Amino acid sequence: MKFRIVVLFIIINILCSSCNKSVKPTENEQALIESIQEILSVKKQLAETYWPEFDKEGLSAPIVFFEDSVCYVVNPREKFLKEINCVKIQTQGIDFYRTTRLDESSFRMDTHVDLYSDTTYTGRDPYVMCSTLNESKKMFDDIEDETQWIPMVIHELVHGCQDSHPNHYTARKACDYPLFELDLAAYPSQNPWLSDMLSTENDCLLSAISCKDADATEAFIKNFLECRQSRKEKMRNIFGESIVKEEEAFEMAESMARFMEVKSALLLECPEEKYDNEDNPFFSKNVQQAYFFVTGYNLVRLFVKLGIDLDLPYQNKEHSALEDYLMANS
């Protein structure tokens with residue numbers, strides 16, 4: 001019996017020492033650490049200017065970077081470390097780990113959280129999944145440097161922050177998702193009447209954003225709300241209530257993600273033509289493709305102009321639409 005206790009004690013010590021063991025980063029890992037530090041610096045600057053919650057510790061999702069045959073994890077939760085065998089890499093300011101590749105996807109740039117189960121490490125905890133710059137270059141010929149890659153990561157970090165809000169997590173669980181996001185994004189191209197109504201609605205938003213006169217701005221906002229109400233009513237009659245609610249959920253998610261993506265690209269002076277200014281039609285007018293990205297982006301821009309707290313939508317545990325916050329605060 002005494003012998004078994006001694007053996008058990010030795011095994012526990014070995015396991016504990018292996019958990020606490022850390023290694024120095026390789027040259028390539030050090031380069032990735034420097035890129036991560038740049039990402040976190042951009043994130044902090046955006047938080048200071050627009051959305052303080054974006055850089056709060058409890059609302060910052062862990063990040064998994066995919067590179068060749070391995071993954072690197074930034075600030076993982078305890079559940080991840082218990083479930084996945086990792087090696088800690090020595091660095092300052094972040095908890096940084098190496099593990100085997102988590103899946104064989106050729107490219108990852110998404111955020112995953114399990115809304116209905118907490119049995120795995122993504123249960124209730126969002127994880128941002130990103131291919132490294134090197135891996136991204138292999139997939140896209142037009143990606144040349146960090147100024148093009150970091151905005152993509154920032155976009156996903158926004159989703160991680162949104163889903164880290166407990167109330168927003170609850171609100172998302174209550175929403176049905178009958179369509180994939182890209183399927184809903186194609187609706188305007190498949191329905192000319194929807195495209196026309198969205199263009200009119202979005203023009204009202206753009207006018208409200210650019211208008212210098214307070215009374216005229218209020219008039220454009222009123223027109224926008226009327227146009228949106230009419231469009232959604234027609235969508236309900238044709239497509240059903242669940243599609244409208246799904247649009248609202250997607251618009252809320254992509255609005256802030258697209259806004260911070262654009263702002264980070266401008267901050268980094270990204271050379272891509274679409275990032276030449278925040279009014280570029282690709283982001284502000286193209287409602288024929290991924291329309292809720294465009295309308296959501298413009299709504300966040302209007303919120304900023306009006307001084308509406310950008311965190312309000314994520315404090316609500318009930319499903320709601322972005323325009324509800326505009327109506328309550330304009």
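Let me begin by describing the structure that accompanies this report. (Residues numbered from 1 in each chain as written. Predicted model: local features only at pLDDT ≥ 70, side-chain atom pairs only at ≥ 80, totals over all residues. Heavy atoms only, no water.)

### Concerning the overall build of the protein chain
- The helix and strand tally for the protein chain stands at 14 helices and seven strands.
- Referenced to the eigenvectors of the C-alpha coordinate spread, the extents of the protein chain come out at roughly 80 × 45 × 35 Å.
- Buried residues in the protein chain amount to 47% of all 330 residues.
- Taking the intrachain contacts of the protein chain between residues at least 6 apart in sequence as the baseline, contacts between residues at least 24 apart amount to 67%.
- Summing over all exposed atoms, the protein chain offers an accessible surface of approximately 16,400 Å²; the carbon and sulfur share of this is 51%.
- Averaging the locations of the 34 positively and 56 negatively charged side chains of the protein chain gives two centres separated by 7 Å. (Helix = DSSP H or I, 4+ residues; strand = E, 2+ residues; numbered from the N terminus. Buried < 20%, exposed > 50% of the residue type's maximum accessible area, 1.4 Å probe, protein only. Contact = heavy atoms within 4.5 Å. Areas by Shrake-Rupley, 256 points an atom, 1.4 Å probe, with all protein chains shown as cover. Lys, Arg positive; Asp, Glu negative; His and termini not counted. Charge placed at Lys NZ, Arg CZ, Asp CG, Glu CD.)

### Describing the pattern of salt bridges
- By the definition in use, this model includes 23 salt bridges.
- Taking the shortest distance from any N to any O, the salt bridge between D68 and K138 comes out at 3.3 Å. Taken together, the residues span a long stretch of sequence, with D68 in the loop between β2 (63-67) and β3 (70-74) and K138 in helix α4 (residues 133-139) at a distance of 70 residues.
- Residue classification places K138 among the exposed residues on the basis of a relative accessible area of 58%. (Salt bridge = Lys/Arg side-chain N within 4 Å of Asp/Glu carboxyl O.)

### Some details on the nonpolar core
- If you look at the biggest cluster of nonpolar residues, it comprises 60 residues, and the most contacted ones within it are W51, F54, F65, F96, I154, M260 and L326.
- Here this core gets eight residues from one element, more than from any other, and that element is helix α11 (residues 241-268).
- When sequence neighbours within four positions are dropped, the list of residues in contact with I154 reads I39, V42, K43, L46, F54, M260, E261 and S264. (Core = buried A, V, L, I, M, F, W, Y, C linked by side-chain atoms within 4.5 Å.)

### Notes on the sheet that holds strand β7 (residues 127-131)
- Pairing in this open sheet of seven strands is mixed, and the strands run β1-β4-β5-β3-β2-β7-β6 from one edge to the other. Two strands close off the open sheet at either side, each with one partner strand: β1 (22-23) and β6 (109-112).
- Note: β6 against β7, four bridges, orientation antiparallel. From the neighbouring strand, T111 faces β7, where its bridge partner is V128.
- Running over the sheet, helix α2 (residues 27-49) touches β2, β3, β4 (87-89) and β5 (96-100) and is turned about 125 degrees from β5.
- Contacts between helix α5 (residues 146-164) and the sheet are confined to β2, β6 and β7, with β6 contributing the most and set at about 10 degrees to the helix. (Pairing = 2+ DSSP bridges. Axes fitted to C-alpha atoms, helices over the stretch in contact; angles between N-to-C directions.)

### Description of the side chain of H168
- Relative to the helices and strands, H168 is located in helix α6 (residues 166-173).
- Judged by relative accessible area, which is 6%, H168 ranks as buried.
- Apart from the residues lying within four places of it in its own chain, the contact partners of H168 are Q162, D163, M252, P313, Y314 and N316.

### Points about the packing of α2 against α11
- Between α2 and α11, the least distance of the axes is 10 Å, while the angle of their chain directions is 110 degrees. It follows from the interaxial angle that α2 and α11 lie roughly perpendicular. Of the two possible hands of crossing, α2 and α11 adopt the one that is right-handed. Contact residues: E38, V42, Q45 and L46 in α2; M260, K263, S264, L267 and L268 in α11.
- Here the residues of the contact of α2 with α11 sort into five nonpolar, two polar and two charged. (Parallel < 35°, antiparallel > 145°, perpendicular 65-115°, else oblique. Left-handed = near helix turned anticlockwise from the far one by under 90°. Nonpolar A, V, L, I, M, F, W, Y, C, P; charged D, E, K, R; others polar.)

### Some thoughts on a negative patch on the surface
- A cluster of acidic residues, D141, D142, E144 and D145, forms a negative patch at the surface.
- Considering the arrangement of structural elements, one finds E144 in the loop between α4 and α5. (Patch = residues over 30% accessible without salt bridge, like charges linked within 9 Å, V, L, I, M, F, W, Y side chains within 5 Å.)

### With respect to the packing of aromatic side chains
- Tallied over the entire structure, the rule returns 19 aromatic pairs.
- Measuring from centroid to centroid gives 5.4 Å for W51 and F54, while their planes differ by 10 degrees, and the two rings are stacked.
- Their ring planes at 10 degrees and their centres at 5.6 Å tell us that Y72 and F96 sit as a pair that is stacked. Of this pair, Y72 sits in strand β3 while F96 sits in strand β5, placing them 24 residues apart in sequence. Both residues of the pair, Y72 and F96, count as buried.
- One aromatic cluster in this structure is built from Y50, F259, Y275, F282, F283 and Y297.
- Taking the ring centre of F54 as reference, the NZ or CZ of K43 above it sits at 5.4 Å. (Phe/Tyr/Trp six-rings, centres within 6.5 Å; stacked < 30°, edge-to-face > 60°. Lys NZ or Arg CZ within 6 Å of the ring centre and 35° of its normal.)

### Some remarks on the environment of G296
- Turning to its location among the elements, G296 is positioned in helix α13 (residues 291-306).
- Separated by 46 residues in the primary sequence, G296 and F250 place their C-alpha atoms 8.8 Å from one another.

### Structural notes on helix α10 (residues 214-239)
- Over its 26 residues, α10 runs 36 Å from end to end, which matches the ideal 38 Å to within 8%, given 1.5 Å per residue.
- Every buried residue belonging to α10 is among T217, I221, F224, L225, R228, R231, K232 and M235, and all of these are buried.
- Buried residues belonging to α10 abut α9 (192-210), α11, α13 and α14 (322-329).
- One side-chain oxygen of the residue at the start of α10 lies 3.1 Å from the amide nitrogen of D215, identifying that residue as D213.
- Once α10 finishes, G240 follows within two positions and takes phi at roughly 105 degrees, a positive value. (Expected span 1.5 Å × (residues − 1). Polar contact = N/O pair within 3.5 Å; in protein donor to acceptor, adjacent residues only side chain to side chain.)

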